[in-house]
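Below, each chain spelled out in residue letters.
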Amino acid sequence: MCGIVGYVGPRVSERALDVVMEGLARLEYRGYDSAGVALVDHGHVATAKRAGKLANLRHAIEEHALPEAATAIGHTRWATHGGPTDENAHPHRGGTDGKLALIHNGIIENFHALKSELIEAGVDFRSETDTEVAAHLLARAYDETGDLTEAMRLVVNRLEGAFTLLAVHADEPDKVVASRRNSPLVIGMGDGENFLGSDVAAFIGHTRHAVEMGQDQVVTITPESVQVIGFDGTPAEGKPFEVTWDAAAAEKGGYPTFMEKEIHEQPHAVADTLLGRTDAEGKLTLDEVRISEEDLRNIDRIVIVACGTAAYAGMVAQYAIEHWARIQCEVELAHEFRYRDPVLTPSTLIVSISQSGETMDTLMAVKHARAMGAKTVSICNTHGATIPRESDAVLYTHAGPEIAVASTKAFLAQITACYILGLYLAQLHGGSEARNAAEVMRQLQEIPEKITDLLGRMERVREIARFMADTRSVLFLGRHVGYPVAMEGALKLKELAYIHAEGFAAGELKHGPIALIEPGQPVFIVVPSPESPHSLHDKVVSNIQEIRARGARTLVIAEDGDESVVPFADEVVYVPKAWWMLDPLLTVVPLQVFACELATAKGLDVDQPRNLAKSVTVE
Ligand code: M6R
């Protein structure tokens, strides 16, 4: 949560405010409860901050201009400690002379104890945040050392929890000092100017040369230099990388919302995730492997950990991995897994799935699993994020930046990556499907074109959504790999349109949920392909009849040519034929479009739904 930007440029240019505001606009998806900036100007630090979206801060700055400056930091907040008010907005000042300003992403877990200590020492607090504690500690450490980098190093050694901190001081005007533990921070390397950001979107308009920071490090940037040290003061180095996407990829590209744009980018997200997955001998490969093939061959149990949409991708993975690799596989919400004392052994493989790679619940699950001796693989969309760095192996999805809070293209890329992982493990373990891996990959290669075709047929789904703008409750049913799709359809509707929505396994209907059916109740049913095994298709068609008989309004998602659903459907949305295991890559698309269109018809902000943030970096 929270977006952070830092900038130092040449004195003459004095464009720091513009650079930081532009960065904040790109990071606003990380939190939008408040925003603020601090600029260092000739021996002073000037700040402006406002509760609410970035637009509020922009208006405030228009009304009361800030001085021009060459050094600035900026913050967009997702509130944790202290409500979304002007006072709690960052930056926070430390000390009494107003010379130091600090911004923070994360949670300082021992802030109560530190705050009591500071209050006893006579410090007055202006906000309810944990951040202000760090600001005062830093000001006091600066008074002792007269060196912002050393002061930062001393302070971070007293903090517990997860944090990225950025600070400026009036007496060191050409410098931004930052630190990170369990919270993201990347450096952008410019020409006579340097940048810091929660992710590369913060500075992508200015440079593509980035440096990944390690855990527990302090960085000091000036216009001409970047210096990294560990929390113990020893010199350290970041890992340089080139950003492969440009600023346009982080903008709306002609679509009314980022979500619409990202829905339409799904063919690319799947195609790019499939790229370069086989070696010269046709064997599947992962991106980063710090684990031996032998260890992977010895895996006898897989636990997939993730949250939200990523967990639904994990549910699809469970079907694919067990079917192809014949390894016992479970899926668990990362936050539940972490604290229930799970049984883990060196032959357990933990597969984490995370778009951001920074979700704290998932990170904690991965760290715990490693500490218990399990092996870990990360499926992640963000190069160099914390979770892949903490894992033994990584498979990157290549969905590009996902800005809308509601996940769409990352979900499809995650499912694609899960299929690749399933086939990879099948090859290693000699599972039944190993010899068919090339054929499955061929069928996967056909999916992007099918998604494009499907996206061209969404007009009726949009009409239905607009017609249903006043609906108060929608149910979703699915079976086998259609079950996670039903769950995802319900989640999209909840988070975007704020209406009651629930996804069920179709087989569970008769065990309780069918009591919810009353005349007019809209129900989406994701129908398995007629070619799926065990007569699953026919079983779900029977479910449609059962709810229709009780008055449900049935909205059926079925494969092209499946006429059997027509007599029982109020509406049928057809999707292109694919191999039944790969169906989620298609059947979820109408549900994404439906939720997006319905929320838009209600006049809601689909890119930034209320109470949410893109990257959930608190537990
Ligand atoms: O970045 P992650 O994939 O780890 O995020 C996990 C969830 O927070 C995320 O999928 C969330 O559920 C989305 N808002 C769903 O659209």
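Computed from a predicted model, the values in this text were never measured in an experiment.

**Q** What is the right way to read the sheet that holds strand E3 (residues 44–51) from this model?
**A** Strand-to-strand pairing in sheets goes through backbone hydrogen bonds, with the strands running parallel or antiparallel. Pairing in this open sheet of eight strands is antiparallel, and the strands run E3-E2-E4-E1-E10-E9-E11-E15 from one edge to the other. In this open sheet, the two edge strands, each paired with only one partner strand, are E3 and strand E15 (239–242). For this sheet, the mean inter-axis angle between neighbouring strands, taken without regard to orientation, is 20°. Alignment of strand E1 (residues 3–8) against strand E4 (residues 71–77), held across six bridges, turns out to be antiparallel. By the bridge assignment for E4, Tyr-7 is matched with Ala-72. This element, helix H1 (residues 16–27), spans E1, strand E2 (34–41), E4 and strand E10 (194–197) of the sheet and lies at about 160° to E1. Each of E2 and E3 is contacted by helix H2 (residues 54–63), which is oriented at about 130° to E3, the strand it contacts most.

**Q** Mind showing me how you'd approach the nonpolar core here?
**A** For soluble globular proteins, the rule of thumb is that nonpolar side chains tend to be buried together. Counting 131 residues, the largest nonpolar core has Val-37, Ile-302, Tyr-419, Leu-421 and Leu-493 as its most contacted members. Here this core gets 13 residues from one element, more than from any other, and that element is helix H13 (residues 409–429). Counting residues in hydrophobic clusters, the runner-up holds 28 residues, among them Phe-125, Ala-135, Val-177 and Phe-231.

**Q** I keep staring at the packing of aromatic side chains and nothing clicks. Help me out?
**A** To describe a pair of aromatic rings, you give the distance between the ring centres and the angle between the ring planes. If you walk through the whole model with that rule in mind, you get eight aromatic pairs. On the basis of an interplanar angle of 50° and a centroid distance of 5.7 Å, the ring pair of Trp-324 and Tyr-419 is categorised as tilted. Separated by 95 residues along the polypeptide, Trp-324 in helix H9 (residues 308–325) and Tyr-419 in helix H13 bring together distant segments of the chain. Of the two residues examined, Trp-324 and Tyr-419, each falls in the buried class. Seen in terms of ring centroids, Phe-524 and Phe-594 are 4.7 Å apart; in terms of plane orientation they differ by 70°. Their pairing is edge-to-face. Taken together, the residues Phe-524 in strand E24 (residues 522–526) and Phe-594 in helix H18 (residues 584–601) connect sequence positions 70 residues apart. Residues Phe-524 and Phe-594 agree in their burial class; the two are buried.

**Q** Whenever I open this one, unusual backbone geometry confuses me. Can you help?
**A** Trans peptide bonds make up most of the peptide bonds, and negative phi angles are found at most residues other than glycine. Cis rather than trans, the peptide bond between His-90 and Pro-91 has omega equal to 5°. Relative to the elements of secondary structure, Pro-91 occurs in the loop between E4 and strand E5 (92–94). Despite not being glycine, Asn-182 has its phi angle at roughly 55°, a positive value. Positive phi values are uncommon outside glycine, yet Asp-216 reaches one of about 55°.

**Q** What's the story with the domain arrangement of the chain in this structure? I'm lost.
**A** It is common to report an interface's size as the accessible area lost on association of the parts. Per the domain assignment, the segments making up the chain are domain 1 (3–250), domain 2 (263–454) and domain 3 (457–601). Measuring from the centre of the C-alpha atoms in domain 1 to the corresponding centre in domain 3 gives 46 Å.

**Q** Any chance you could explain the environment of Val-177 here in plain terms?
**A** Position of Val-177 relative to the elements: it lies in strand E8 (residues 176–181). A relative accessible area of 0% means that Val-177 is categorised as buried. Along the backbone, Val-177 and Pro-576 are 399 residues apart, and their C-alpha atoms lie at a distance of 53 Å.

**Q** Would you mind showing me how to read the packing of helix H7 (residues 266–274) against H13 here?
**A** The relative placement of two packed helices is expressed as an angle between their axes plus a distance between the axes. Running from amino to carboxyl end, H7 crosses H13 at an angle of 30°, the nearest separation of the two axes being 8 Å. Between H7 and H13, the angle falls in the class roughly parallel. For the pair H7 and H13, the sense of crossing is right-handed. In this structure, H7 contributes Gln-266, Ala-269, Val-270, Thr-273 and Leu-274 to the contact, and H13 contributes Lys-409, Leu-412, Ala-413, Thr-416, Ala-417 and Ile-420.

What counts and what doesn't
Residues numbered from 1 in each chain as written. Predicted model: local features only at pLDDT ≥ 70, side-chain atom pairs only at ≥ 80, totals over all residues. Heavy atoms only, no water. Pairing = 2+ DSSP bridges. Helix = DSSP H or I, 4+ residues; strand = E, 2+ residues; numbered from the N terminus. Axes fitted to C-alpha atoms, helices over the stretch in contact; angles between N-to-C directions. Contact = heavy atoms within 4.5 Å. Core = buried A, V, L, I, M, F, W, Y, C linked by side-chain atoms within 4.5 Å. Buried < 20%, exposed > 50% of the residue type's maximum accessible area, 1.4 Å probe, protein only. Phe/Tyr/Trp six-rings, centres within 6.5 Å; stacked < 30°, edge-to-face > 60°. Domains from an automatic or database assignment. Parallel < 35°, antiparallel > 145°, perpendicular 65-115°, else oblique. Left-handed = near helix turned anticlockwise from the far one by under 90°.

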